[in-house]
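The residues making up each chain are set out below.
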Amino acid sequence: MPIIDAFLAELDHEAATTRRVLDRVPDGRFDWHPHERSMTIGRLAGHIAEIFGWGSTVLTSDEFDVATAAQKGWVAFSASDRAGLLDRFDRELAGFRQAAAAGVSDEHLRTPWSLRNGEHVAFTLPRAAALRTFIFNHMIHHRGQLSVYLRLAGVPVPSIYGPSADEAPA
């Protein structure tokens, strides 16, 4: 089995779970945050929505440079309503899925990819490892944060990997 097929199966599973969590973000509360040093729920949810789009970048370019990203049109996404949040998530997911389904070879997944900020290289990893850490693990980490935000905001938390205190598994 090609490596990308395993990523696509995981992508489908994690994306469905992530969409359920994003769908719980309450309209009218996108500026809420649990602490003055925390992101707003709109920015955190927006960050989660944009992460899968970065998967396309890992597959189709050799690096992402934070220092020049804004010059190339990248703007951090901060959601202001649930419909816009889910639309962005669906578009980013579709783009990642399309890039991943375009015949990505195992050899390509072994080639290096870098995250940098100008001259500072945060990491260089094989693309497969960059997908695992920078995309999947990163999204799962922030999805966990968002589930805590939901709990603190009094919003029922959906089942993620098993039952939540609010509902049985989906």
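Everything below is about the structure shown above.
Residues numbered from 1 in each chain as written. Predicted model: local features only at pLDDT ≥ 70, side-chain atom pairs only at ≥ 80, totals over all residues. Heavy atoms only, no water.

As for helix α4 (residues 82-100)
How we decide: Numbering of helices and strands starts at the N terminus; helices are DSSP runs of H or I of at least 4 residues and strands are runs of E of at least 2. For a helix, the expected span equals 1.5 Å multiplied by the number of residues minus one. Only protein chains enter the area calculation, which uses a 1.4 Å probe; residues under 20% of their type maximum are buried, those over 50% are exposed, and those in between are partly exposed. This arc describes the spread of directions from the helix axis toward the C-beta atoms. Throughout this description, a polar contact denotes any pair of N or O atoms lying within 3.5 Å of each other; where both atoms belong to protein, one of them has to be capable of donating a hydrogen while the other can accept it, and for residues adjacent in sequence the pair is counted only when both atoms sit in side chains.
Compared with an ideal rise of 1.5 Å per residue, which puts 19 residues at 27 Å, α4 spans 27 Å between its outermost C-alpha atoms and is within 8% of the ideal. For α4, the complete set of buried residues consists of L85, L86, R88, F89, E92, L93, F96, A99 and A100. On an axial view of α4, the arc spanned by its buried residues comes to 160 degrees, and they lie on one face. Set apart from the buried face of α4 by more than 90 degrees, the exposed residues are A83, R91 and Q98. If you check the start of α4, you find a side-chain oxygen 3.3 Å away from the backbone N of A83, and it comes from D81.

What to know about the side chain of S164
This is how it is decided: When checking whether two residues touch, look at their non-hydrogen atoms; a contact exists if any pair is within 4.5 Å.
Counting through the fold element by element, S164 comes out in the segment after α6 (127-152). According to the relative accessible area criterion, S164 is buried, its value standing at 18%. Within the local environment of S164, its side chain forms a polar contact with the backbone oxygen of V157, the two atoms lying 2.5 Å apart. Apart from residues no more than four positions distant in its own chain, S164 is found in contact with V157, P158 and S159.

Notes on the pattern of salt bridges
Where we set the bar: Within this document, salt bridges are pairs made up of a side-chain nitrogen of Lys or Arg and a carboxyl oxygen of Asp or Glu, the two lying within 4 Å of each other.
Following the criterion strictly, the structure yields 12 salt bridges and no others. Ionic pairing is found between R24 and E167, a salt bridge with its closest N-O pair at 2.7 Å. Taken together, the positions of R24 in the loop between α1 (3-22) and α2 (41-60) and E167 in the segment after α6 put the pair 143 residues apart, joining distant regions of the chain. Under the relative-accessibility criterion, R24 is labelled partly exposed at 23%. The exposure class assigned to E167 is partly exposed, which follows from its relative accessible area of 25%.

What about the nonpolar core?
Here is the rule we go by: The definition of a nonpolar core used throughout is a set of buried Ala, Val, Leu, Ile, Met, Phe, Trp, Tyr and Cys residues joined through side-chain atoms within 4.5 Å.
One finds F52, L85, I135 and L146 to be the most contacted residues of the largest nonpolar core, which totals 48 residues. Secondary-structure elements contributing two or more residues to this core are α1, α2, α4, β2 (112-117) and α6. Dropping the residues within four chain positions of it, L85 is found in contact with L22, V25, F30, A45, G46, A49, F77 and A79.

Some details on the pairing of β2
Side-chain direction in a regular strand flips from residue to residue, so the side chains alternate between the two faces of the sheet. What counts, and what does not: For two strands to be treated as a pair, DSSP must find at least two bridges joining them.
Strand direction decides the pairing type here: strand β1 (residues 63-65) and β2, joined by three bridges, are parallel. If you follow E63 over to β2, its bridge partner there is S114. As paired elements, β2 and strand β3 (residues 120-126) share six bridges and run antiparallel to each other. Along β3, the bridge assignment pairs N117 with H120. Between the antiparallel neighbours β2 and β3 lie two residues, among them G118 with a positive phi of about 65 degrees.

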